[in-house]
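# Analysis of the macromolecular model
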Amino acid sequence: MRMKSVSNLFSVYFLLLVLCFGSSALSAPSSFFCSSSSPNPVIRSGDFFDGSTWNDPSVIREDKVYVMYASSDHHFDGRIEIYRLISFDGEVWSLSPREPVLSPSLKAWDRESVETPSVVKFKGRYYLFYTGYAKRQSDVRDYKIGYAVSEDGIHWEKYSEPLLAPTKPYAWFPNMDFNQYIVAEPAALVIGEKLYVY
């Protein structure tokens, strides 16, 4: 789906923020970050499967359940995927399901890794924005922002083209585009009747 079609569904505004974790903290329980009854952090590397390296949490609350989307690879193998975890108290988490809910595509722009999820529920559907890339993780100029839509928060339909990509990432001189060099780590936020992605 092209950007023009996306804007027909909802208004999406972009700002380039290289490190943007703020919005995922908005809906997270206070015990997720600091708790006197549980050692911090509440999720560690190696939890849930051997070699996990948890990162980039995005937490939403549905009724009485906290739902977290987080990135992990296996023993730093470079293939990062997005998992879904649930908790009833913000301290004890479990994978639900045990498999990743979003994985790299076979031959597309995000064939190496998908990471840094930001998930919101908007007008009855779930929207997952993520960073994807086809080359090594260290080549940040290859990063692009993609998105997927879901009816249940578990089964996702990825859109084949990136939502946002660098305009001229290898150019020597800046062209004043906010997204010329690096596009990564989206943060989605619903305000009123609009969905914003920063």
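Residues numbered from 1 in each chain as written. Predicted model: local features only at pLDDT ≥ 70, side-chain atom pairs only at ≥ 80, totals over all residues. Heavy atoms only, no water.

Core analysis: the largest hydrophobic core is formed by 16 residues, its most contacted members being Y69, I82, L102, L128, Y130 and W156. Secondary-structure elements contributing two or more residues to this core are β2 (65-72), β3 (81-87), β5 (113-122) and β6 (125-133). With 12 residues, the next largest nonpolar core counts V42, V59, Y66 and Y83 among its residues. (Core = buried A, V, L, I, M, F, W, Y, C linked by side-chain atoms within 4.5 Å. Buried < 20%, exposed > 50% of the residue type's maximum accessible area, 1.4 Å probe, protein only. Helix = DSSP H or I, 4+ residues; strand = E, 2+ residues; numbered from the N terminus.)

With that out of the way, let us pick up the pairing of strand β7 (residues 144-150). Where burial is concerned, most of β7 is hidden: 7 out of the 7 residues are buried. The two faces of β7 match: K144, G146, A148 and S150 on one face and I145, Y147 and V149 on the other face are all buried. Bridge count between β6 and β7: 7 bridges; the pairing is antiparallel. Residue pairing for β7: G132 is matched across the bridge by K144. Bridge analysis of β7 against strand β8 (residues 156-158) gives 3 bridges, and the strand direction is antiparallel. Note that in β8 the partner of S150 across the bridge is W156. Between β7 and β8, which follow one another and run antiparallel, lie 5 residues, and G153 among them has a positive phi close to 80°. (Pairing = 2+ DSSP bridges.)

What follows deals with the sheet that holds strand β4 (residues 94-95). The strand order across the open sheet built from 4 strands is β1-β2-β3-β4, with neighbouring strands paired in antiparallel fashion. Whereas interior strands pair on both sides, the edge strands pair on one side only; in this sheet they are β1 (55-62) and β4. Taken together, the 6 bridges between β1 and β2 define a ladder with antiparallel strand orientation. Its bridge partner lying in β2, E62 is registered against V65.

Turning to the environment of Y196, a few remarks are in order. As for its position among the elements, Y196 is in strand β10 (residues 194-197). Residue Y196 is classed as buried on the basis of its relative accessible area of 17%. The spatial distance from the C-alpha of Y196 to the C-alpha of P186 is 9.9 Å, given a sequence separation of 10 residues.

Right, let's get into the side chain of D73. Counting through the fold element by element, D73 comes out in the loop between β2 and β3. A distance of 3.4 Å separates a polar side-chain atom of D73 from the backbone nitrogen of D77. Those residues in contact with D73 that lie beyond four places of it in its chain are F49, G51, S52, T53, G78, R79 and I80. (Polar contact = N/O pair within 3.5 Å; in protein donor to acceptor, adjacent residues only side chain to side chain. Contact = heavy atoms within 4.5 Å.)

For the rest of this paragraph, the subject is the sheet that holds β8. An order of β5-β6-β7-β8 is seen for the 4 strands of this open sheet, with the pairing classed as antiparallel. The sheet is open, and its two edges are formed by β5 and β8, each paired on a single side. Geometrically, the sheet is characterised by an average inter-axis angle of 30° between neighbouring strands, direction not taken into account. (Axes fitted to C-alpha atoms, helices over the stretch in contact; angles between N-to-C directions.)

Structural measurements only, silent on function.
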